[in-house]
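Descriptive analysis of the structure
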Amino acid sequence: MTNLQNVHSGKSMVEFDAESGNAEIHNPNRILVIDWKGNFRYDITLDHGIISADLDKTKKHLICDTKAFDNYLISYDLSGLYKN
């Protein structure tokens, strides 16, 4: 698997609320894919914020850690993005 580094939440990752004294964490839900030549390929918006992600190239799935589920795992089928 390959570790993905470029995920984006569309806002600051952490926002501090001075009134409550709490920090609100915005886990990224967007992946921007750019090829090796620097060309934009895909802008993928996920239905859940993710903590981390790995790409399983063999099964063509994105495996993510998320707070949205009790087991912290979610898998996205990316086979439609692969060329045959």
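Structure: see above.
Residues numbered from 1 in each chain as written. Predicted model: local features only at pLDDT ≥ 70, side-chain atom pairs only at ≥ 80, totals over all residues. Heavy atoms only, no water.

**Concerning the overall build of the protein**
Each helix and strand counted, the protein has zero helices and nine strands in total. Reading the protein from its N end, one meets helices and strands in the order β-β-β-β-β-β-β-β-β. Evaluated residue by residue, the protein yields a buried proportion of 19% over its 84 residues. Long-range pairs, those at least 24 residues apart, make up 24% of the contacts in the protein with a sequence separation of at least 6. As presented, the protein carries roughly 6,400 Å² of accessible surface, and 50% of it is formed by carbon and sulfur atoms. (Helix = DSSP H or I, 4+ residues; strand = E, 2+ residues; numbered from the N terminus. Buried < 20%, exposed > 50% of the residue type's maximum accessible area, 1.4 Å probe, protein only. Contact = heavy atoms within 4.5 Å. Areas by Shrake-Rupley, 256 points an atom, 1.4 Å probe, with all protein chains shown as cover.)

**With respect to the pattern of salt bridges**
Overall, the coordinates contain one salt bridge when judged by the stated rule. Here R30 ties to D43 by a salt bridge, and the two come within 2.7 Å at their closest N and O atoms. Of this pair, R30 sits in strand β5 (residues 30–34) while D43 is found in strand β6 (residues 40–45), placing the two residues 13 residues apart along the sequence. Here R30 falls in the partly exposed class, since its relative accessible area comes to 27%. Classification of D43 as partly exposed rests on a relative accessible area of 37%. (Salt bridge = Lys/Arg side-chain N within 4 Å of Asp/Glu carboxyl O.)

**Some remarks on the pairing of strand β3 (residues 14–17)**
Working note: regular strand, side chains alternate between the two faces of the sheet. Pairing geometry for β3 and strand β4 (residues 22–25), over four bridges, is antiparallel. Each residue of the ladder has a partner; that of F16, found in β4, is A23. (Pairing = 2+ DSSP bridges.)

**Overview of the side chain of D56**
Here D56 shows up in strand β7 (residues 52–56). The buried charged residue D56 lacks any salt bridge, with K59 as its nearest oppositely charged partner at 4.8 Å. (Lys, Arg positive; Asp, Glu negative; His and termini not counted.)

**As for the environment of Y76**
For Y76, the location among the structural elements is in strand β9 (residues 73–77). By relative accessible area, Y76 is classed as buried at 13%. Separated by 15 residues in the primary sequence, Y76 and H61 place their C-alpha atoms 5.4 Å from one another. For Y76, the residues in contact, after removing those within four places along its chain, are L46, D47, H48, K60, H61, L62 and C64.

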